[in-house]
Amino acid sequence: MQSASHVRRLIRQGLWTSHTSGLADEHVQGNVVILPQSLAGDFLRYCQRNPKPCPVLAVSEPGERLLPALGADIDICTDVPRYRVWRDGELVDEPTDITALWRDDLVSFVIGCSFSFEQALMEAGLPLRHVEQGRNVAMFRTSIATEAAGPFSGPLVVTMRPLRAADVIRAVQVTSRFPNVHGAPVHIGDPSLIGIHDLARPDYGDAVDVMPDELPVFWACGVTPQAAIQQARPAFCITHAPGAMLITDLLNHQLASF
């Protein structure tokens, strides 16, 4: 089993630049949003008003690259496999290192990720097809609006995992114990009811098949802020690439509510 520090070392060296689903699977993974200090207050309020998709695990001091609460050696500039650079709400680059872009006014937010409850689901005997197939989880923009704060607003983004009907109740029970990483599903069944019209065409991540005896199960997703960033159109910000998470030293079981 890979340790979090070992995986971060591979990422730091540029030896792993893909999604992190299934890596260091006992450890908490986080979505990343890096904004100028002038927007950090509005974004924090956005997260507080939308705790289901945006559960905040850590916030840095302005200009501080380290996140000691999440790992003694974590450097936000080097330890994400792939970043996204946004200018005026448009995606302009996807580098693997942002050291050259760092500024003294930047504030880093780390937001809980559903990869962190996948270990508990698998320990409960619930198979996850994207993990079995080595794929990124499928993510979709929905017709559900988030609550605005300052310039930040936009649709809820969800992850989808297909499960047999008999397993869905167990999945709800398991993930309800992890409110800091999105908690219980927000929707089960017919995707058109939340504005999703083709499960074979996710907005982010990789498609997986839904078998005839399965239901699509949808959880709030930490990619939701990227949709809000496209709405807010900040002059400059940085996020993780969907599925390419920051792996922390926190253990998943530490986030369980009981």
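Residues numbered from 1 in each chain as written. Predicted model: local features only at pLDDT ≥ 70, side-chain atom pairs only at ≥ 80, totals over all residues. Heavy atoms only, no water.

Student: Describe the overall build of the chain, and please don't skip the residues or the numbers.
Tutor: Across its full length, the chain holds 6 helices and 11 strands. Computed over C-alpha atoms, the radius of gyration of the chain comes to 17 Å, within 12% of the 18 Å expected from 2.2 N^0.38 for 258 residues, which places it in the range of a compact globule. Summarising its shape, the C-alpha atoms of the chain cover approximately 50 × 40 × 35 Å along the three principal directions. By the burial criterion, 55% of the 258 residues in the chain qualify as buried. Across the chain, the fraction of contacts at a sequence separation of at least 24, relative to all contacts at a separation of at least 6, is 79%. On the chain, roughly 10,500 Å² of surface is accessible, and the fraction owed to carbon and sulfur atoms is 50%. (Helix = DSSP H or I, 4+ residues; strand = E, 2+ residues; numbered from the N terminus. Rg over C-alpha atoms; globule rule 2.2 N^0.38 Å. Buried < 20%, exposed > 50% of the residue type's maximum accessible area, 1.4 Å probe, protein only. Contact = heavy atoms within 4.5 Å. Areas by Shrake-Rupley, 256 points an atom, 1.4 Å probe, with all protein chains shown as cover.)

Student: Give a detailed account of a nonpolar patch on the surface, specifying residues and quantitative values.
Tutor: A grouping of L44, V56 and V59 is seen on the molecular surface, where their side chains present a nonpolar patch of about 190 Å² in accessible area. With respect to the element layout, V59 can be found in strand β2 (residues 56–59). Note on V59: relative accessible area 42%, which makes it partly exposed. (Patch = residues over 30% accessible without salt bridge, like charges linked within 9 Å, V, L, I, M, F, W, Y side chains within 5 Å. Salt bridge = Lys/Arg side-chain N within 4 Å of Asp/Glu carboxyl O.)

Student: Explain the packing of aromatic side chains residue by residue, including any values.
Tutor: Aromatic ring pairs: the centre-centre distance and the angle between the two ring planes describe each pair. In the structure shown here, the tally under the stated rule is 5 aromatic pairs. Ring geometry for F43 versus F109: centroids 4.9 Å apart, planes at 75°, classification edge-to-face. You can see F43 sitting in helix α2 (residues 37–49) and its partner F109 sitting in strand β5 (residues 106–112), a full 66 residues away along the chain. Using a relative accessible area of 1% as the deciding quantity, one classes F109 as buried. (Phe/Tyr/Trp six-rings, centres within 6.5 Å; stacked < 30°, edge-to-face > 60°.)

Student: With reference to specific residues and values, describe the confidence of the model for the chain.
Tutor: In this model, the chain carries a mean pLDDT of 94, and residues with pLDDT of at least 70 account for 99%. Helix α3 (residues 115–123) is the least confidently modelled element of the chain, averaging 87 in pLDDT, while strand β8 (residues 187–188) averages 98, the highest of any element. (pLDDT = per-residue confidence, 0-100.)

Student: Talk me through the pattern of salt bridges; I want residue IDs and the actual numbers.
Tutor: Considering all chains together, one arrives at 12 salt bridges under this definition. Notably, a salt bridge pairs E94 with R84, separated by 2.8 Å at the nearest N-O pair. Of the two residues, E94 is situated in the loop between β4 (90–93) and β5 and R84 in strand β3 (residues 83–87); the sequence distance between them amounts to 10 residues. Judged by relative accessible area, which is 30%, E94 ranks as partly exposed. When salt bridges that share partners are traced, they join R8, R12, D73, D79 and D249 into one network.

Student: Residue-level account of the side chain of D167, with values.
Tutor: By the secondary structure assignment, D167 is in helix α5 (residues 165–175). The exposure class of D167 is buried, given its relative accessible area of 12%.

Student: Tell me about the pairing of strand β9 (residues 214–220), and please be specific about residues and values.
Tutor: Where burial is concerned, most of β9 is hidden: 6 out of the 7 residues are buried. Sheet topology places strand β7 (residues 155–164) next to β9; 7 bridges connect them, and they run antiparallel. Within the sheet, the bridge partner assigned to L163 lies in β9 and is L215. Pairing between β8 and β9: 2 bridges, direction antiparallel. Considered in β9, the bridge of I188 is made with V217. (Pairing = 2+ DSSP bridges.)

Student: Tell me about unusual backbone geometry, and please be specific about residues and values.
Tutor: Across the chain, the bulk of peptide bonds are trans and the bulk of non-glycine residues have phi less than zero. Look at H182: it is not a glycine, yet its phi comes out positive at around 90°. Take H182: it is sitting in the loop between α5 and β8. If you check the backbone angles, R233 has positive phi at about 55° while not being a glycine. Its location among the elements puts R233 in the loop between α6 (224–232) and β10 (237–240). For R233, a relative accessible area of 44% gives the class partly exposed.

Student: Which residues make up the sheet that holds strand β6 (residues 138–145), and what values do they have?
Tutor: Pairing is antiparallel across the open sheet formed by 4 strands, whose spatial order is β6-β7-β9-β8. Each edge of the open sheet is held by one strand with a lone partner, namely β6 and β8. Contacts from α5 reach β7, β8 and β9, with the element oriented near 130° to β7. (Axes fitted to C-alpha atoms, helices over the stretch in contact; angles between N-to-C directions.)

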